[in-house]
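# Report on the structure
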Amino acid sequence: MRMACCHLIPTLVHPLKSSLSRKQSLLLTEKSHFIGFLGFTQRFSSSSSKVSMSLRAGIVGLPNVGKSTLFNAVVENGKAQAANFPFCTIEPNIGIVAVPDPRLQVLSDLSKSQRVVPASIELVDIAGLVKGASQGEGLGNKFLSHIREVDSILQVVRCFEDNDIVHVNGKVNPTSDIDVINLELVFSDLDQIQKRMEKLKKGKPKDSQSKLKEEAEKSALDKILQALMDGKPARSVTLTEFEKDAIKHLCLLTMKPVTYVANVAETDLAKPENNPYVNEVMKLASELQSGLVAISAQVESELTELPYEERMEYLKSLGVSESGLGNLIRATYSLLGLRTYFTSGEKETKAWTILAGMTAPQAAGVIHSDFEKGFIRAETVAYADFVAAGSLAAAREKGLLRSEGKDYIVQEGDVMLFRFNV
Ligand SMILES: Nc1ncnc2c1ncn2[C@@H]1O[C@H](COP(=O)(O)OP(=O)(O)OP(=O)(O)O)[C@@H](O)[C@H]1O
Ligand SMILES: [Mg+2]
(Lines give C-alpha, C1' and ligand atoms only; values in the text may rest on other atoms or scores of the structure.)
(Ligands and ions follow the chains in the order given, each with its own letter.)
Protein backbone atom coordinates (compact mmCIF):
# COMPACT_ATOMS: atom_id res chain seq x y z
CA MET A 1 0.00 0.00 0.00
CA ARG A 2 1.31 3.42 -0.77
CA MET A 3 1.69 5.98 1.92
CA ALA A 4 0.09 9.08 0.47
CA CYS A 5 -3.67 9.36 0.56
CA CYS A 6 -4.52 11.18 -2.57
CA HIS A 7 -2.58 11.85 -5.69
CA LEU A 8 -4.85 13.98 -7.70
CA ILE A 9 -2.16 14.99 -10.13
CA PRO A 10 -2.09 12.17 -12.63
CA THR A 11 1.40 10.83 -13.06
CA LEU A 12 1.15 8.32 -15.81
CA VAL A 13 4.71 7.12 -16.08
CA HIS A 14 5.81 7.10 -19.63
CA PRO A 15 7.98 4.14 -20.42
CA LEU A 16 10.21 5.78 -22.98
CA LYS A 17 13.14 3.43 -22.82
CA SER A 18 15.26 4.95 -25.49
CA SER A 19 16.77 8.27 -24.58
CA LEU A 20 15.05 11.14 -26.29
CA SER A 21 17.18 12.85 -28.88
CA ARG A 22 17.63 16.62 -28.86
CA LYS A 23 15.11 18.83 -30.59
CA GLN A 24 12.56 16.13 -30.95
CA SER A 25 9.00 16.52 -31.97
CA LEU A 26 6.89 13.48 -31.64
CA LEU A 27 3.55 11.96 -31.20
CA LEU A 28 3.51 9.54 -28.38
CA THR A 29 3.06 5.95 -29.15
CA GLU A 30 4.19 3.88 -26.22
CA LYS A 31 2.59 0.64 -25.15
CA SER A 32 0.72 0.12 -21.97
CA HIS A 33 -0.94 -2.76 -20.27
CA PHE A 34 -4.17 -3.15 -18.42
CA ILE A 35 -5.66 -5.86 -16.39
CA GLY A 36 -9.24 -5.62 -17.50
CA PHE A 37 -11.47 -3.66 -19.81
CA LEU A 38 -14.89 -3.73 -18.25
CA GLY A 39 -15.41 -7.39 -18.62
CA PHE A 40 -14.90 -7.23 -22.34
CA THR A 41 -11.54 -8.71 -23.02
CA GLN A 42 -9.34 -6.21 -24.70
CA ARG A 43 -5.80 -6.24 -23.52
CA PHE A 44 -2.76 -4.28 -24.42
CA SER A 45 0.42 -5.92 -23.44
CA SER A 46 4.03 -5.11 -23.39
CA SER A 47 6.70 -6.60 -21.24
CA SER A 48 8.68 -3.39 -21.16
CA SER A 49 6.06 -0.84 -20.32
CA LYS A 50 4.13 0.16 -17.25
CA VAL A 51 1.46 2.61 -16.32
CA SER A 52 1.63 4.20 -12.92
CA MET A 53 -1.78 5.29 -11.79
CA SER A 54 -2.57 8.24 -9.66
CA LEU A 55 -6.32 7.82 -9.34
CA ARG A 56 -7.50 5.17 -6.97
CA ALA A 57 -11.12 4.42 -6.27
CA GLY A 58 -11.84 2.27 -3.22
CA ILE A 59 -14.83 -0.09 -3.08
CA VAL A 60 -16.32 0.33 0.36
CA GLY A 61 -19.42 -1.04 2.11
CA LEU A 62 -20.79 -3.41 4.75
CA PRO A 63 -19.51 -7.00 4.66
CA ASN A 64 -21.12 -9.38 2.14
CA VAL A 65 -22.82 -6.74 -0.01
CA GLY A 66 -21.06 -7.61 -3.29
CA LYS A 67 -17.85 -5.52 -3.25
CA SER A 68 -15.52 -8.29 -4.38
CA THR A 69 -18.09 -9.57 -6.89
CA LEU A 70 -18.12 -6.09 -8.42
CA PHE A 71 -14.33 -5.85 -8.31
CA ASN A 72 -13.99 -9.16 -10.13
CA ALA A 73 -16.45 -8.10 -12.78
CA VAL A 74 -14.57 -4.88 -13.47
CA VAL A 75 -11.06 -6.25 -13.18
CA GLU A 76 -11.51 -9.31 -15.28
CA ASN A 77 -8.43 -11.27 -14.36
CA GLY A 78 -7.86 -9.79 -10.94
CA LYS A 79 -9.74 -12.50 -9.08
CA ALA A 80 -10.59 -11.48 -5.56
CA GLN A 81 -12.27 -14.06 -3.39
CA ALA A 82 -16.01 -13.38 -3.43
CA ALA A 83 -18.22 -15.63 -1.34
CA ASN A 84 -21.31 -15.66 0.78
CA PHE A 85 -19.80 -14.92 4.15
CA PRO A 86 -18.99 -11.65 5.90
CA PHE A 87 -15.35 -10.51 6.06
CA CYS A 88 -14.44 -12.67 3.11
CA THR A 89 -11.98 -9.99 2.02
CA ILE A 90 -9.25 -9.07 4.46
CA GLU A 91 -6.31 -7.72 2.48
CA PRO A 92 -7.29 -5.21 -0.20
CA ASN A 93 -7.30 -6.38 -3.82
CA ILE A 94 -6.00 -3.92 -6.38
CA GLY A 95 -6.63 -3.83 -10.13
CA ILE A 96 -6.30 -1.45 -13.06
CA VAL A 97 -9.34 -0.73 -15.19
CA ALA A 98 -9.62 0.97 -18.56
CA VAL A 99 -12.05 3.88 -18.92
CA PRO A 100 -14.32 3.17 -21.89
CA ASP A 101 -14.46 6.01 -24.39
CA PRO A 102 -16.06 5.57 -27.83
CA ARG A 103 -14.02 8.49 -29.19
CA LEU A 104 -10.88 6.35 -29.03
CA GLN A 105 -12.07 3.93 -31.68
CA VAL A 106 -13.19 6.77 -33.96
CA LEU A 107 -9.78 8.44 -33.76
CA SER A 108 -7.99 5.14 -34.11
CA ASP A 109 -9.95 4.29 -37.29
CA LEU A 110 -9.17 7.68 -38.79
CA SER A 111 -5.48 7.49 -37.92
CA LYS A 112 -5.32 3.77 -38.82
CA SER A 113 -3.63 3.18 -35.50
CA GLN A 114 -2.20 -0.22 -34.68
CA ARG A 115 -3.28 0.11 -31.07
CA VAL A 116 -5.81 1.82 -28.86
CA VAL A 117 -4.82 2.72 -25.32
CA PRO A 118 -7.61 3.96 -23.06
CA ALA A 119 -7.24 6.04 -19.91
CA SER A 120 -7.31 3.97 -16.76
CA ILE A 121 -8.04 4.11 -13.07
CA GLU A 122 -7.05 1.88 -10.20
CA LEU A 123 -9.68 0.02 -8.19
CA VAL A 124 -9.19 -1.25 -4.66
CA ASP A 125 -11.52 -3.83 -3.14
CA ILE A 126 -11.52 -3.13 0.60
CA ALA A 127 -12.69 -5.28 3.51
CA GLY A 128 -16.23 -4.78 4.80
CA LEU A 129 -16.83 -2.14 7.46
CA VAL A 130 -19.17 -2.64 10.38
CA LYS A 131 -20.60 -0.44 13.12
CA GLY A 132 -17.80 0.36 15.56
CA ALA A 133 -15.01 -0.10 13.00
CA SER A 134 -13.54 3.23 14.06
CA GLN A 135 -13.30 1.76 17.58
CA GLY A 136 -11.72 -1.44 16.28
CA GLU A 137 -14.87 -3.54 15.71
CA GLY A 138 -14.93 -6.06 12.88
CA LEU A 139 -11.69 -5.67 11.01
CA GLY A 140 -11.35 -2.26 12.56
CA ASN A 141 -9.08 0.67 12.11
CA LYS A 142 -6.63 -0.96 9.77
CA PHE A 143 -9.29 -1.05 7.09
CA LEU A 144 -10.21 2.54 7.57
CA SER A 145 -6.58 3.29 6.77
CA HIS A 146 -6.99 1.49 3.44
CA ILE A 147 -9.82 3.89 2.66
CA ARG A 148 -7.56 6.78 3.62
CA GLU A 149 -5.28 5.88 0.73
CA VAL A 150 -7.84 6.17 -2.07
CA ASP A 151 -8.85 9.26 -4.02
CA SER A 152 -12.54 8.48 -4.31
CA ILE A 153 -15.01 6.06 -2.81
CA LEU A 154 -17.47 3.69 -4.45
CA GLN A 155 -19.89 2.74 -1.71
CA VAL A 156 -21.67 -0.51 -2.56
CA VAL A 157 -25.15 -0.70 -1.05
CA ARG A 158 -27.11 -3.92 -1.04
CA CYS A 159 -30.43 -3.44 -2.81
CA PHE A 160 -31.18 -7.10 -3.57
CA GLU A 161 -33.30 -9.50 -1.53
CA ASP A 162 -31.86 -12.99 -1.13
CA ASN A 163 -32.48 -15.00 2.01
CA ASP A 164 -29.45 -17.13 1.27
CA ILE A 165 -27.04 -14.21 1.34
CA VAL A 166 -26.26 -13.16 4.91
CA HIS A 167 -26.87 -9.51 5.74
CA VAL A 168 -24.73 -8.55 8.75
CA ASN A 169 -27.60 -6.59 10.28
CA GLY A 170 -30.26 -9.18 9.54
CA LYS A 171 -32.17 -7.37 6.80
CA VAL A 172 -31.73 -5.28 3.69
CA ASN A 173 -31.93 -1.61 4.69
CA PRO A 174 -29.99 0.81 2.49
CA THR A 175 -30.59 3.89 4.66
CA SER A 176 -29.29 2.18 7.77
CA ASP A 177 -26.38 0.58 5.84
CA ILE A 178 -25.29 3.93 4.41
CA ASP A 179 -25.62 5.56 7.83
CA VAL A 180 -23.44 2.89 9.43
CA ILE A 181 -20.66 3.36 6.88
CA ASN A 182 -20.83 7.15 6.85
CA LEU A 183 -20.90 7.35 10.62
CA GLU A 184 -17.76 5.22 10.88
CA LEU A 185 -16.02 7.49 8.41
CA VAL A 186 -17.20 10.53 10.37
CA PHE A 187 -15.99 9.02 13.69
CA SER A 188 -12.64 8.21 12.19
CA ASP A 189 -12.24 11.78 10.90
CA LEU A 190 -13.35 13.23 14.24
CA ASP A 191 -10.73 11.18 15.99
CA GLN A 192 -8.07 12.25 13.52
CA ILE A 193 -9.01 15.93 13.76
CA GLN A 194 -9.08 15.93 17.55
CA LYS A 195 -5.60 14.40 17.68
CA ARG A 196 -4.33 16.92 15.15
CA MET A 197 -5.84 19.84 17.04
CA GLU A 198 -4.11 18.72 20.24
CA LYS A 199 -0.83 18.57 18.39
CA LEU A 200 -1.31 21.98 16.84
CA LYS A 201 -2.05 23.44 20.27
CA LYS A 202 1.22 22.09 21.67
CA GLY A 203 3.55 22.84 18.75
CA LYS A 204 5.03 26.21 17.75
CA PRO A 205 5.36 27.05 14.06
CA LYS A 206 8.96 27.52 12.87
CA ASP A 207 8.46 30.57 10.67
CA SER A 208 5.81 32.97 9.45
CA GLN A 209 5.02 30.78 6.45
CA SER A 210 4.31 27.74 8.65
CA LYS A 211 2.33 29.99 10.99
CA LEU A 212 0.05 31.06 8.16
CA LYS A 213 -0.40 27.47 7.08
CA GLU A 214 -1.21 26.33 10.60
CA GLU A 215 -3.73 29.08 10.99
CA ALA A 216 -5.43 28.02 7.78
CA GLU A 217 -5.38 24.42 8.98
CA LYS A 218 -6.93 25.35 12.32
CA SER A 219 -9.67 27.40 10.71
CA ALA A 220 -10.46 24.58 8.27
CA LEU A 221 -10.49 22.00 11.08
CA ASP A 222 -12.85 24.12 13.17
CA LYS A 223 -15.32 24.31 10.30
CA ILE A 224 -15.03 20.62 9.48
CA LEU A 225 -15.39 19.62 13.12
CA GLN A 226 -18.68 21.49 13.28
CA ALA A 227 -19.96 19.75 10.14
CA LEU A 228 -18.91 16.31 11.40
CA MET A 229 -20.66 16.93 14.72
CA ASP A 230 -23.82 17.57 12.69
CA GLY A 231 -23.23 14.26 10.89
CA LYS A 232 -22.19 15.99 7.65
CA PRO A 233 -19.14 15.01 5.60
CA ALA A 234 -16.05 17.22 5.43
CA ARG A 235 -16.59 17.65 1.68
CA SER A 236 -19.78 19.58 2.39
CA VAL A 237 -17.76 22.39 4.02
CA THR A 238 -16.76 25.40 1.90
CA LEU A 239 -13.02 26.00 2.24
CA THR A 240 -10.54 28.33 0.56
CA GLU A 241 -7.89 26.75 -1.67
CA PHE A 242 -5.28 27.55 0.98
CA GLU A 243 -7.35 25.86 3.69
CA LYS A 244 -7.88 22.81 1.50
CA ASP A 245 -4.17 22.59 0.92
CA ALA A 246 -3.42 22.95 4.63
CA ILE A 247 -5.54 19.93 5.61
CA LYS A 248 -4.64 17.71 2.66
CA HIS A 249 -2.07 15.78 4.68
CA LEU A 250 -4.80 14.48 7.00
CA CYS A 251 -6.42 12.48 4.17
CA LEU A 252 -9.84 12.88 5.75
CA LEU A 253 -12.19 10.07 4.76
CA THR A 254 -15.29 12.22 4.44
CA MET A 255 -13.44 14.66 2.19
CA LYS A 256 -13.31 12.04 -0.56
CA PRO A 257 -15.92 12.14 -3.29
CA VAL A 258 -18.41 9.26 -3.15
CA THR A 259 -20.45 7.41 -5.75
CA TYR A 260 -23.13 5.12 -4.39
CA VAL A 261 -23.40 1.80 -6.18
CA ALA A 262 -26.88 0.32 -5.74
CA ASN A 263 -26.31 -3.44 -6.14
CA VAL A 264 -29.61 -4.81 -7.47
CA ALA A 265 -31.01 -8.24 -8.31
CA GLU A 266 -30.88 -9.29 -11.95
CA THR A 267 -34.68 -8.98 -12.14
CA ASP A 268 -34.40 -5.26 -11.28
CA LEU A 269 -31.72 -4.45 -13.77
CA ALA A 270 -34.05 -3.30 -16.55
CA LYS A 271 -35.89 -0.83 -14.31
CA PRO A 272 -33.85 -0.20 -11.16
CA GLU A 273 -35.93 2.91 -10.42
CA ASN A 274 -38.87 0.62 -9.65
CA ASN A 275 -36.94 -0.85 -6.75
CA PRO A 276 -37.78 1.10 -3.54
CA TYR A 277 -34.32 0.35 -2.11
CA VAL A 278 -32.73 2.07 -5.10
CA ASN A 279 -34.99 5.06 -4.57
CA GLU A 280 -33.82 5.23 -0.98
CA VAL A 281 -30.19 5.28 -2.09
CA MET A 282 -30.98 7.86 -4.77
CA LYS A 283 -32.52 10.20 -2.22
CA LEU A 284 -29.59 9.85 0.18
CA ALA A 285 -27.01 10.21 -2.59
CA SER A 286 -28.46 13.53 -3.64
CA GLU A 287 -28.65 14.75 -0.02
CA LEU A 288 -25.00 13.81 0.43
CA GLN A 289 -23.93 15.53 -2.82
CA SER A 290 -22.90 12.22 -4.31
CA GLY A 291 -23.50 10.26 -7.49
CA LEU A 292 -25.44 7.02 -7.95
CA VAL A 293 -25.04 4.08 -10.30
CA ALA A 294 -27.38 1.08 -10.20
CA ILE A 295 -25.73 -2.16 -11.16
CA SER A 296 -26.05 -5.89 -10.55
CA ALA A 297 -22.62 -7.07 -9.43
CA GLN A 298 -23.85 -10.65 -9.82
CA VAL A 299 -24.89 -10.15 -13.45
CA GLU A 300 -21.70 -8.27 -14.28
CA SER A 301 -19.63 -11.02 -12.79
CA GLU A 302 -21.59 -13.70 -14.68
CA LEU A 303 -21.07 -11.73 -17.89
CA THR A 304 -17.33 -12.06 -17.57
CA GLU A 305 -17.70 -15.85 -17.50
CA LEU A 306 -19.47 -15.86 -20.87
CA PRO A 307 -17.90 -15.79 -24.32
CA TYR A 308 -18.15 -12.30 -25.80
CA GLU A 309 -20.85 -13.32 -28.35
CA GLU A 310 -23.14 -14.60 -25.62
CA ARG A 311 -22.89 -11.51 -23.41
CA MET A 312 -25.24 -9.40 -25.52
CA GLU A 313 -27.78 -12.24 -25.58
CA TYR A 314 -27.67 -12.51 -21.81
CA LEU A 315 -28.06 -8.75 -21.34
CA LYS A 316 -30.97 -8.70 -23.79
CA SER A 317 -32.68 -11.51 -21.88
CA LEU A 318 -32.55 -9.24 -18.80
CA GLY A 319 -34.03 -6.33 -20.74
CA VAL A 320 -30.88 -4.17 -20.94
CA SER A 321 -28.67 -3.26 -23.84
CA GLU A 322 -25.30 -2.79 -22.21
CA SER A 323 -23.20 -3.67 -19.21
CA GLY A 324 -23.49 -1.13 -16.38
CA LEU A 325 -19.77 -1.07 -15.73
CA GLY A 326 -19.04 1.56 -18.37
CA ASN A 327 -21.28 4.01 -16.54
CA LEU A 328 -19.73 3.15 -13.23
CA ILE A 329 -16.18 3.71 -14.44
CA ARG A 330 -17.06 6.93 -16.26
CA ALA A 331 -18.85 8.22 -13.15
CA THR A 332 -15.80 7.44 -11.05
CA TYR A 333 -13.54 9.18 -13.54
CA SER A 334 -15.58 12.36 -13.75
CA LEU A 335 -16.11 12.45 -9.99
CA LEU A 336 -12.57 13.70 -9.62
CA GLY A 337 -12.83 16.39 -12.25
CA LEU A 338 -10.62 14.39 -14.58
CA ARG A 339 -10.38 15.27 -18.26
CA THR A 340 -9.10 13.39 -21.27
CA TYR A 341 -6.98 14.52 -24.15
CA PHE A 342 -5.78 12.31 -26.98
CA THR A 343 -2.69 11.60 -28.99
CA SER A 344 -3.44 9.83 -32.24
CA GLY A 345 -1.12 8.48 -34.89
CA GLU A 346 -0.38 5.38 -36.92
CA LYS A 347 1.28 3.60 -34.06
CA GLU A 348 -1.46 4.24 -31.55
CA THR A 349 -4.36 6.34 -30.36
CA LYS A 350 -4.19 7.03 -26.68
CA ALA A 351 -6.31 8.76 -24.04
CA TRP A 352 -4.39 10.73 -21.39
CA THR A 353 -5.80 11.76 -18.04
CA ILE A 354 -5.41 15.32 -16.79
CA LEU A 355 -7.11 17.52 -14.24
CA ALA A 356 -9.54 20.19 -15.36
CA GLY A 357 -7.64 23.46 -15.81
CA MET A 358 -4.25 21.98 -16.66
CA THR A 359 -2.11 23.94 -19.10
CA ALA A 360 -0.54 22.46 -22.24
CA PRO A 361 2.93 21.99 -20.63
CA GLN A 362 1.33 20.32 -17.58
CA ALA A 363 -0.66 18.04 -19.87
CA ALA A 364 2.53 17.22 -21.76
CA GLY A 365 4.16 16.43 -18.42
CA VAL A 366 1.62 13.66 -17.86
CA ILE A 367 3.27 11.86 -20.76
CA HIS A 368 6.82 12.57 -19.66
CA SER A 369 8.40 15.18 -17.41
CA ASP A 370 10.85 16.06 -20.23
CA PHE A 371 7.91 17.14 -22.36
CA GLU A 372 6.91 19.64 -19.71
CA LYS A 373 10.44 20.92 -19.08
CA GLY A 374 11.25 21.36 -22.77
CA PHE A 375 7.77 22.38 -23.89
CA ILE A 376 7.76 24.67 -26.93
CA ARG A 377 4.24 24.52 -28.38
CA ALA A 378 1.30 22.20 -28.70
CA GLU A 379 -0.51 21.63 -31.96
CA THR A 380 -4.10 21.14 -30.99
CA VAL A 381 -7.35 20.28 -32.66
CA ALA A 382 -10.72 19.72 -31.01
CA TYR A 383 -11.99 16.13 -31.26
CA ALA A 384 -15.01 17.12 -33.40
CA ASP A 385 -12.79 19.11 -35.78
CA PHE A 386 -10.37 16.21 -36.10
CA VAL A 387 -13.25 13.89 -36.97
CA ALA A 388 -14.74 16.39 -39.43
CA ALA A 389 -11.39 16.89 -41.16
CA GLY A 390 -10.58 13.18 -41.14
CA SER A 391 -6.92 13.42 -40.17
CA LEU A 392 -4.38 15.62 -38.46
CA ALA A 393 -2.91 16.60 -41.85
CA ALA A 394 -6.34 17.53 -43.22
CA ALA A 395 -7.10 19.48 -40.04
CA ARG A 396 -3.83 21.37 -40.54
CA GLU A 397 -4.70 22.15 -44.18
CA LYS A 398 -8.12 23.44 -43.17
CA GLY A 399 -6.58 25.67 -40.52
CA LEU A 400 -8.31 23.72 -37.72
CA LEU A 401 -5.05 22.72 -36.09
CA ARG A 402 -4.03 25.51 -33.73
CA SER A 403 -0.57 26.19 -32.42
CA GLU A 404 -0.92 26.82 -28.69
CA GLY A 405 1.62 28.15 -26.20
CA LYS A 406 2.38 27.44 -22.57
CA ASP A 407 -0.68 29.22 -21.17
CA TYR A 408 -3.20 27.21 -23.17
CA ILE A 409 -5.70 25.39 -20.96
CA VAL A 410 -6.22 21.95 -22.45
CA GLN A 411 -9.86 21.24 -23.28
CA GLU A 412 -11.73 17.97 -22.92
CA GLY A 413 -11.21 15.90 -26.07
CA ASP A 414 -8.32 17.90 -27.53
CA VAL A 415 -6.16 15.90 -29.90
CA MET A 416 -2.60 17.06 -29.30
CA LEU A 417 0.88 16.94 -30.71
CA PHE A 418 3.65 18.38 -28.56
CA ARG A 419 6.75 20.15 -29.78
CA PHE A 420 9.50 20.23 -27.25
CA ASN A 421 13.25 20.43 -26.66
CA VAL A 422 15.15 18.00 -24.52
N1 LIG B 1 -26.64 -8.36 -7.18
C2 LIG B 1 -26.52 -9.51 -6.51
N3 LIG B 1 -27.54 -10.39 -6.47
C4 LIG B 1 -27.43 -11.56 -5.79
N5 LIG B 1 -26.32 -11.95 -5.11
C6 LIG B 1 -25.27 -11.12 -5.12
C7 LIG B 1 -25.32 -9.86 -5.81
N8 LIG B 1 -24.11 -9.25 -5.64
C9 LIG B 1 -23.36 -10.09 -4.88
N10 LIG B 1 -24.03 -11.21 -4.55
C11 LIG B 1 -23.58 -12.33 -3.73
O12 LIG B 1 -23.28 -11.85 -2.42
C13 LIG B 1 -22.26 -12.62 -1.80
C14 LIG B 1 -21.22 -11.71 -1.21
O15 LIG B 1 -20.47 -11.09 -2.24
P16 LIG B 1 -18.98 -10.56 -2.04
O17 LIG B 1 -18.05 -11.59 -1.54
O18 LIG B 1 -18.66 -9.88 -3.33
O19 LIG B 1 -19.22 -9.47 -0.90
P20 LIG B 1 -18.18 -8.48 -0.21
O21 LIG B 1 -18.92 -7.21 -0.04
O22 LIG B 1 -16.91 -8.44 -0.95
O23 LIG B 1 -17.98 -9.16 1.20
P24 LIG B 1 -16.77 -9.02 2.27
O25 LIG B 1 -16.92 -7.69 2.90
O26 LIG B 1 -17.06 -10.13 3.23
O27 LIG B 1 -15.48 -9.21 1.56
C28 LIG B 1 -21.73 -13.54 -2.89
O29 LIG B 1 -22.28 -14.81 -2.67
C30 LIG B 1 -22.25 -12.93 -4.19
O31 LIG B 1 -22.44 -13.91 -5.19
MG1 LIG C 1 -14.99 -8.95 -0.37
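Fair warning: this is a prediction, and the values are worked out from it, not measured in the lab.

To continue, consider the site of ligand 1. In the vicinity of ligand 1, 23 residues are found, and the nearest of them are Lys-67, Thr-69, Phe-87, Cys-88 and Gln-298. The side chain of Thr-69 places a nitrogen or oxygen atom 2.5 Å from an oxygen atom of ligand 1. Interatomic distance of 2.7 Å between a side-chain N/O atom of Gln-298 and an oxygen atom of ligand 1. Contact with the protein chains removes 92% of the 650 Å² of surface that ligand 1 exposes when unbound.

Turning next to the sheet that holds strand E8 (residues 291-295). Reading across from one edge, E3-E5-E2-E6-E7-E8 is the order of the six strands in this open sheet, with mixed pairing throughout. Looking at strand neighbours, the two that pair on one side only are strand E3 (93-98) and E8, the edges of this open sheet. Averaged over all neighbouring strand pairs, the angle between strand axes comes to 25°, with direction disregarded. In terms of strand pairing, strand E2 (residues 56-60) meets strand E5 (residues 120-125) through four bridges, oriented parallel. Bridge assignment links Gly-58 to a residue of E5, and that residue is Val-124. Along the sheet, helix H1 (residues 67-74) contacts E2, E3, E5, strand E6 (152-158), strand E7 (258-263) and E8; its crossing angle with E5, the most-contacted strand, is approximately 150°.

Tallied over the full model, the rule gives four aromatic pairs. On the numbers, 6.3 Å between centres and 45° between planes, the contact of Phe-342 with Tyr-383 is tilted. Of this pair, Phe-342 sits in strand E9 (residues 338-344) while Tyr-383 sits in helix H13 (residues 383-389), and the two are 41 residues apart along the sequence. In this structure Phe-342 comes out as buried when scored by relative accessible area, which is 0%.

Grouped together as the largest cluster of nonpolar side chains are 95 residues, with contacts concentrated most on Leu-70, Leu-123, Ile-147, Tyr-341 and Phe-418. Grouped together as the second largest cluster of nonpolar side chains are 17 residues, Leu-190, Leu-221, Ala-227 and Leu-228 included.

Once that is clear, we can look at the packing of H1 against helix H8 (residues 297-305). Between H1 and H8, the shortest axis-to-axis distance is 8 Å and the interhelical angle comes to 35°. Note on packing geometry: the crossing formed by H1 with H8 is left-handed. Within the contact between the two elements, H1 uses Thr-69, Leu-70 and Ala-73 and H8 uses Ala-297, Gln-298, Glu-300, Ser-301 and Thr-304. Along the lines of polarity and charge, the residues of the contact of H1 with H8 split into three nonpolar, four polar and one charged.

Let us now look at the side chain of Ser-344. Locating Ser-344 in the fold gives a position in strand E9. Relative accessible area serves as the criterion here: at 4%, Ser-344 is assigned to the buried category. At 2.6 Å, the side chain of Ser-344 forms a polar contact with the side chain of Ser-111.

UniProt tags Asn-64, Val-65, Gly-66, Lys-67, Ser-68, Thr-69 and Val-264 as "binding site: ATP" (unreviewed entry). With respect to the helices and strands, the residue Val-65 is situated in the loop between E2 and H1. Judged by relative accessible area, which is 3%, Val-65 ranks as buried. Once residues lying within four places of it in the same chain are set aside, the contact partners of Val-65 are Val-156, Arg-158, Phe-160 and Asn-263. Its place among the elements puts Lys-67 in helix H1. Residues contacting Lys-67, with those up to four places away along its chain left out, are Ile-59, Val-60, Gly-61, Leu-62, Asp-125, Ile-126, Ala-127, Gly-128 and Val-156.

Thresholds, definitions, all that
Residues numbered from 1 in each chain as written. Chains lettered and ligands numbered in written order. Predicted model: local features only at pLDDT ≥ 70, side-chain atom pairs only at ≥ 80, totals over all residues. Heavy atoms only, no water. Near = heavy atom within 4 Å. Polar contact = N/O pair within 3.5 Å; in protein donor to acceptor, adjacent residues only side chain to side chain. Areas by Shrake-Rupley, 256 points an atom, 1.4 Å probe, with all protein chains shown as cover. Pairing = 2+ DSSP bridges. Helix = DSSP H or I, 4+ residues; strand = E, 2+ residues; numbered from the N terminus. Axes fitted to C-alpha atoms, helices over the stretch in contact; angles between N-to-C directions. Contact = heavy atoms within 4.5 Å. Phe/Tyr/Trp six-rings, centres within 6.5 Å; stacked < 30°, edge-to-face > 60°. Buried < 20%, exposed > 50% of the residue type's maximum accessible area, 1.4 Å probe, protein only. Core = buried A, V, L, I, M, F, W, Y, C linked by side-chain atoms within 4.5 Å. Left-handed = near helix turned anticlockwise from the far one by under 90°. Nonpolar A, V, L, I, M, F, W, Y, C, P; charged D, E, K, R; others polar. UniProt positions renumbered as here; feature names shortened; annotations may be inferred.

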